[in-house]
Number of protein chains: 2
Amino acid sequence: MSDEQQAGRRSDTTRASILAAARERFAADGYERATIRAIARDARIDPSMVMRYFTNKEGLFAAAVALDLELPDPADAPREELGRTLVRHFVNLWEENEVLTALLRVGVTNPAAAERMQGVLRDQLIPVARHVCPDPEQAPARAALCASQVLGLALTRYVLRFPASVALSGEEIVDWLAPTLQRYLTAELPHTP
Amino acid sequence: MSDEQQAGRRSDTTRASILAAARERFAADGYERATIRAIARDARIDPSMVMRYFTNKEGLFAAAVALDLELPDPADAPREELGRTLVRHFVNLWEENEVLTALLRVGVTNPAAAERMQGVLRDQLIPVARHVCPDPEQAPARAALCASQVLGLALTRYVLRFPASVALSGEEIVDWLAPTLQRYLTAELPHTP
DNA sequence: GCTGTTGGTCAACGCTTGTTGGCAAACGTA
DNA sequence: TACGTTTGCCAACAAGCGTTGACCAACAGC
């Protein structure tokens, strides 16, 4: 009767297991090397099922990396601790959420994924920056600097797996990065105007 | 007579044009999507020539991304300006050198490239850190933090191409990042021991 | 003159990829 | 019981990949 959902009645479990396998493979191998055949094998179904559920490899990826950062409301934390709050939030997110690694690894090769990351920055991080930084006009640049440090750490820790970066504890990361983000968000411009 | 070089007498120009095309493609497309056929087309030769000169796709990549950071000697700059000196050096390097973008984009998918980046960190950046940081035992962690910030900025600027990151001038990048690297290298540990 | 080496092209190989359409069960409803 | 829908597997497709080996043209030295 209802055509508002495409498949959805009984085998949501299959759909979910495909998505789980896809996330794992995309996070581990990137876009091209995460083949539909390998994902289907992990989910113990036939490759053609993937097409039925998600029409495309692109569609599968888009469904696999639906993302909401759920950033804390800047009004909830004191302005001087926002850096620390943000870094702690990101570390927790990366530790528990495979989607972020998948998005990062794929975004490097796949323009659609890169654009989605850019959208996350625009819709979720820039507003936070606009709320706390001295001149709202600088919000995009300041948010981009924060993103560069957070993504850089994720890159060396979860993707490139530099030993010294992997060895850091969550606490240490927070202690090192918090002042950086705090300065990027709230400090006056470092150069003479 | 001399067998110290494998091919090298007359057609070094072909070899060089293959390498140039390869660097460009690897930097723009990553490992899998930079096909030998496309590289050969760019260099206006037959794909089989690539194999003759470099035996493998792996061999081609390895030859295309030979890299030396040529970091400044830490003894040449005053300790308090090392952060600024390093950031300026890296910005110049990234602006003029396609190899770094290629290495970054490929390293995300290709373990061999990731290992090479790790080697660069180990052999070229950690020694600098060991030379200036309070406790030499912390050198790997401090160098990894510096790498995370530098690579993160390169990621958002040259690979993901976030507009706010692209819009930054070289000077602005130096002004923002220098204090970060300076702190990662020389500050006392930020947390209580 | 021949002849061997070098730089280069052509056509094909085996393989993997994303993707498609047909067919077989299982199930709910009438 | 009969039937239509859902859920799934199987076999195949066209295309693209890295890679190979046979063949050509030019040029060197004897």
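These numbers come from a predicted model, not from an experiment.

K.L.:
Teacher, can you tell me more about the packing of helix 6 (residues 98–107) of chain B against helix 8 (residues 139–159) of chain B here?
P.N.:
Helix-helix packing is characterised by the crossing angle of the two axes and by the distance between the axes. All names here are of chain B. Contact geometry of helix 6 with helix 8 gives a least axis separation of 11 Å together with a crossing angle of 100°. Overall, the two elements helix 6 and helix 8 adopt an arrangement that is roughly perpendicular. Along the contact surface, helix 6 presents Leu100, Thr101, Leu104 and Arg105, while helix 8 presents Leu151, Ala154, Leu155, Tyr158 and Val159.

K.L.:
What should I look at first to understand the UniProt feature "DNA-binding region" (unreviewed entry) in chain A in this one?
P.N.:
UniProt records the feature "DNA-binding region" (unreviewed entry) at residues 35–54 of chain A, using the numbering of this structure. Across residues 35–54 of chain A one finds 75% helix and 0% strand; the C-alpha atoms that close the span lie 14 Å apart.

K.L.:
Mind showing me how you'd approach the packing of helix 8 (residues 139–159) of chain A against helix 8 of chain B here?
P.N.:
Across the interface, helix 8 of chain A lies against helix 8 of chain B with an axial gap of 7 Å and an inter-helix angle of 120°. Between helix 8 of chain A and helix 8 of chain B, the angle falls in the class oblique. The hand of the helix 8 of chain A/helix 8 of chain B crossing is right-handed. Contacts from Ala144, Ala147, Ser148, Gln149, Leu151, Gly152, Leu153, Leu155 and Thr156 of chain A in helix 8 of chain A reach Ala144, Ala147, Ser148, Gln149, Leu151, Gly152, Leu153, Leu155 and Thr156 of chain B in helix 8 of chain B. Across the contact of helix 8 of chain A with helix 8 of chain B, the residue classes tally to 10 nonpolar, 8 polar and no charged.

K.L.:
Explanation requested: the interface of chain B and chain A in the structure shown.
P.N.:
How big an interface is tends to be reported as the loss of accessible area on association of its parts. Chain B puts 40 residues into the contact, and the matching count from chain A is 39 residues. Elements with a minimum of two residues in the side of chain B that touches chain A: helix 1 (12–33), helix 6, helix 7 (111–132), helix 8, helix 9 (163–166) and helix 10 (170–186) of chain B. The leading source of residues in the side of chain B that touches chain A is helix 8 of chain B, at 14 residues. Of the residues belonging to the side of chain B that touches chain A, the class tally is 22 nonpolar, 11 polar and 7 charged.

K.L.:
Can you walk me through the domain arrangement of chain A in this structure?
P.N.:
Residue and element names in this part refer to chain A. Segmentation of chain A into domains returns domain 1 (3–64) and domain 2 (74–186). Each of domain 1 and domain 2 has a C-alpha centre, and these two points are 28 Å apart. Secondary-structure elements contributing two or more residues to the side of domain 1 that touches domain 2 are helix 1 (12–33) and helix 4 (57–64). Per-element tally for the side of domain 1 that touches domain 2: the top contributor is helix 1, with 7 residues. For the side of domain 1 that touches domain 2, a count of residues per class yields 5 nonpolar, 1 polar and 4 charged.

What counts and what doesn't
Residues numbered from 1 in each chain as written. Chains lettered and ligands numbered in written order. Predicted model: local features only at pLDDT ≥ 70, side-chain atom pairs only at ≥ 80, totals over all residues. Axes fitted to C-alpha atoms, helices over the stretch in contact; angles between N-to-C directions. Helix = DSSP H or I, 4+ residues; strand = E, 2+ residues; numbered from the N terminus. Parallel < 35°, antiparallel > 145°, perpendicular 65-115°, else oblique. Contact = placed C-beta atoms within 7 Å. UniProt positions renumbered as here; feature names shortened; annotations may be inferred. Left-handed = near helix turned anticlockwise from the far one by under 90°. Nonpolar A, V, L, I, M, F, W, Y, C, P; charged D, E, K, R; others polar. Domains from an automatic or database assignment.

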